[in-house]
Amino acid sequence: MLVEASCTDAVVTRSETPHGHCMSVNFLNPFKIHSDSDEGDGSIKYTISGEGAGSIFIIDELTGDIHATERLDREHKTFYTLRAQARDRHSDRLLEPESEFIIKVQDINDSEPRFLQAPYIGSVPELSPVGTSVMAVSAFDADDPAYGSSARVVYSVLEGEKHFTVDSKTGVIRTAVSDLDRESQDRYDLVIQATDMAGQLGGLSGSTTVTIVITDVNDNPPRFPQKLYRFSVMETAPPGSVIGRVKAEDADVGENTDMFYQIQQQQEASAFFSVTTDAFTQEAILSILQPLDFETQKEHSLVLEAQNRFLDPRFSDLGTFRDQAIVKVSVLDVDEPPKFHPLSGIIEVSEDAHVGSVIGIITATDPDKANNSIRYTLDKTSDDEIFEIDEESGEIRITKALDRETSGWHNLTVQAKEADYPEKVSLLSLRIRILDVNDNPPELATPHESSVCEDALPGQITQLRSIHIECHLTEGSRICLSCRYWLSMVVLQL
């Protein structure tokens, strides 16, 4: 039995099988089966069985013509295996062995390329050279790659071709320019098209959106928003006090914005101020390094410099990655209490000094511009009424006789007040050392009586007694000369 195509472009092949004949047909249009014993009198009935028989494929029992009842989709099923029989119409007897044949569905270009991994997101550093590879896209065409160019895909850029290109064969996306600037535009949305039939006219196409993120490089130095900053601080602010914060802006992101600040060391102001960097906000924190004095200097000027912490040598030709600004700090006047000169001291006075003698002068001044007069007093809690101080001159006088043996040291607290503002008070601890003079003879430790024999010889020592001596020993001496004289008198001689 023959299987004959009704169209010249149907391809029919024949091979032997254990069941008889096997035909392979590339199905394009209706075809027919025909038995050699068919004389055209209608006595033969043709039937088919197998995949799709009676549903997808039907046969004209009289002529043997086979028709497809629906559109065939090669991407769904590439071939069908059928069996054909020729029977006697009256007896239903099989007139010749059953023939098996295969209907192969010939491909046509009916599937457009599809990007199965969409959406695509890639990245590339800014300022990358032309031709830098960003990423690759791939489209799949379900048509038969072995038949013509139906599945041969080429790529092109529909949108974004000014900045990026795509390799027509591999789908690799590359940069088309070298001046991509993240600070100007940090992302690009491309439309990539894939066309089958190798891009020829009539080919089907599909497209996808590719998002390309421009990543940052350190190509921007820090910049102060303004070139002059002003702060003010009280002159009484203690060292370590924060007087203000300044921040330089950096158009980069991430660690490329990390910076540090410094004060130009050649400036006198660097001795009065320090700067640290807030690691979280990248701000410069200005602090006082040592006390300020309005009367000495009312304003300080310093040059503050900001510099990137992580430099990229590839962009060194863009200039220095630093910036400077001037910071002026005004010192505000505060009504301060008097200041002593010196701030502490010791006065030495001999214990035989006369009552009324001046033993020292305390000096304090008003550090403010007003330079008010100062009044002096002694703190009563520390005054044993042995000394007094002149209210205006600060002279300290003796009011009672001194005795080193009673008290060798005196501790006084001097108060200095502004005449017009007595609430402005400063205190000075003053130590007075009493120096010894020879004003005490030796004394016997205990009362005693001595006896001597009548036959004692002249110059003979008869007895030794201990004595108590009030003596001020000087450094390096064991006993003063006066006491040595007194000791010579305790040896009783005849």
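Residues numbered from 1 in each chain as written. Predicted model: local features only at pLDDT ≥ 70, side-chain atom pairs only at ≥ 80, totals over all residues. Heavy atoms only, no water.

Enquirer: Teacher, can you tell me more about the side chain of Asn 220 here?
Expert: If you trace the backbone, Asn 220 turns up in the loop between strand S16 (205–215) and strand S17 (228–234). Within the structure, Asn 220 has its side chain in polar contact with the side chain of Glu 183 (distance 3.2 Å). Looking at Asn 220, its side chain comes within polar contact range of the side chain of Asp 252, at 2.9 Å. Asn 220 has contacts with Glu 183, Asp 250, Ala 251, Asp 252, Asn 308 and Phe 321, leaving out every residue within four places of it along the chain. (Helix = DSSP H or I, 4+ residues; strand = E, 2+ residues; numbered from the N terminus. Polar contact = N/O pair within 3.5 Å; in protein donor to acceptor, adjacent residues only side chain to side chain. Contact = heavy atoms within 4.5 Å.)

Enquirer: What is the right way to look at unusual backbone geometry in this model?
Expert: Residues apart from glycine generally show negative phi values, whereas peptide bonds are mostly found in trans. For the peptide bond that leads from Ala 118 to Pro 119, omega is 0°, which places it in the cis range. Along the chain, Pro 119 falls in the loop between strand S9 (99–105) and strand S10 (120–125). In this structure, Asp 92 is a non-glycine residue whose phi angle is positive, near 60°. Phi at Leu 127 is positive, roughly 65°, even though this residue is not glycine.

Enquirer: Would you mind going over the pattern of salt bridges with me for this structure?
Expert: Charged atoms that come close allow side chains of opposite charge to pair. For the structure on display, the rule yields 17 salt bridges. Here Glu 112 ties to Arg 114 by a salt bridge, and the two come within 3.5 Å at their closest N and O atoms. For Arg 114, a relative accessible area of 52% corresponds to the exposed category. With a shortest N-O distance of 3.1 Å, Arg 245 and Asp 278 are connected by a salt bridge. One end of the pair, Arg 245, is in strand S18 (residues 242–246); the other, Asp 278, is in the loop between strand S20 (273–277) and strand S21 (284–288), with 33 residues separating them in the sequence. Relative accessible area serves as the criterion here: at 41%, Arg 245 is assigned to the partly exposed category. (Salt bridge = Lys/Arg side-chain N within 4 Å of Asp/Glu carboxyl O. Buried < 20%, exposed > 50% of the residue type's maximum accessible area, 1.4 Å probe, protein only.)

Enquirer: I'm lost on the sheet that holds strand S26 (residues 358–361) in this one. Help?
Expert: The strands that make up a sheet are held in pairs by hydrogen bonds between backbone atoms, and each pair lies either parallel or antiparallel. One open sheet accounts for 3 strands, arranged S26-S30-S29; its pairing is antiparallel. The sheet is open, and its two borders are formed by S26 and strand S29 (387–389), each paired with just one other strand. Neighbour-to-neighbour, the strand axes of this sheet turn through a mean angle of 25°, independent of strand direction. Sheet analysis places S26 next to strand S30 (residues 395–398), joined by 3 bridges and oriented antiparallel. Residue pairing in the sheet places Val 358 in a bridge with Arg 397 of S30. (Pairing = 2+ DSSP bridges. Axes fitted to C-alpha atoms, helices over the stretch in contact; angles between N-to-C directions.)

Enquirer: So what exactly am I meant to see when it comes to the packing of aromatic side chains here?
Expert: The geometry of an aromatic ring pair is captured by the separation of the ring centres together with the interplanar angle, meaning the angle of the planes. By the definition in use, this model includes 6 aromatic pairs. Here Phe 224 and Tyr 229 contribute two aromatic rings whose centre-to-centre distance is 6.2 Å and whose plane-to-plane angle is 65°, an arrangement assigned as edge-to-face. Residue class for Tyr 229 comes out buried when judged on its relative accessible area of 11%. For the pair Phe 224 and Tyr 261, a centre-to-centre distance of 6.3 Å together with 50° between the ring planes defines the contact as tilted. (Phe/Tyr/Trp six-rings, centres within 6.5 Å; stacked < 30°, edge-to-face > 60°.)

Enquirer: Is there a simple way to explain the environment of Arg 375 in this structure?
Expert: Note that Arg 375 resides in strand S28 (residues 374–378). You can call Arg 375 partly exposed: its relative accessible area is 28%. Excluding residues within four positions of it along the chain, Arg 375 makes contact with Glu 391, Glu 392, Gln 415, Ala 416, Lys 417 and Ala 419.

Enquirer: Teacher, can you tell me more about the nonpolar core here?
Expert: Note on soluble globular proteins: their nonpolar side chains tend to be buried together. Ranked by size, the top nonpolar core spans 27 residues in total, and within it Phe 224, Val 246, Tyr 261, Phe 273, Leu 286, Leu 304 and Val 327 carry the most contacts. The set of elements that each furnish at least two residues to this core consists of S17, S18, strand S19 (259–263), S20, S21, strand S22 (299–308) and strand S23 (322–332). No other element matches the 4 residues that S23 contributes to this core. Ile 359, Leu 378, Ile 389 and Ile 396 belong to the second largest nonpolar core, which has 23 residues in total. (Core = buried A, V, L, I, M, F, W, Y, C linked by side-chain atoms within 4.5 Å.)

Enquirer: How should I be thinking about the sheet that holds S18 in this particular structure?
Expert: Across the sheet, 3 strands lie side by side as S18-S21-S20; this open sheet has antiparallel pairing. Pairing within the sheet leaves two strands with one partner each, and these edge strands are S18 and S20. Put simply, the sheet's adjacent strands are angled 25° from each other on average, direction ignored. Across 5 bridges, the pairing between S20 and S21 is antiparallel. Within S21, the residue paired with Thr 276 across the bridge is Ile 285.

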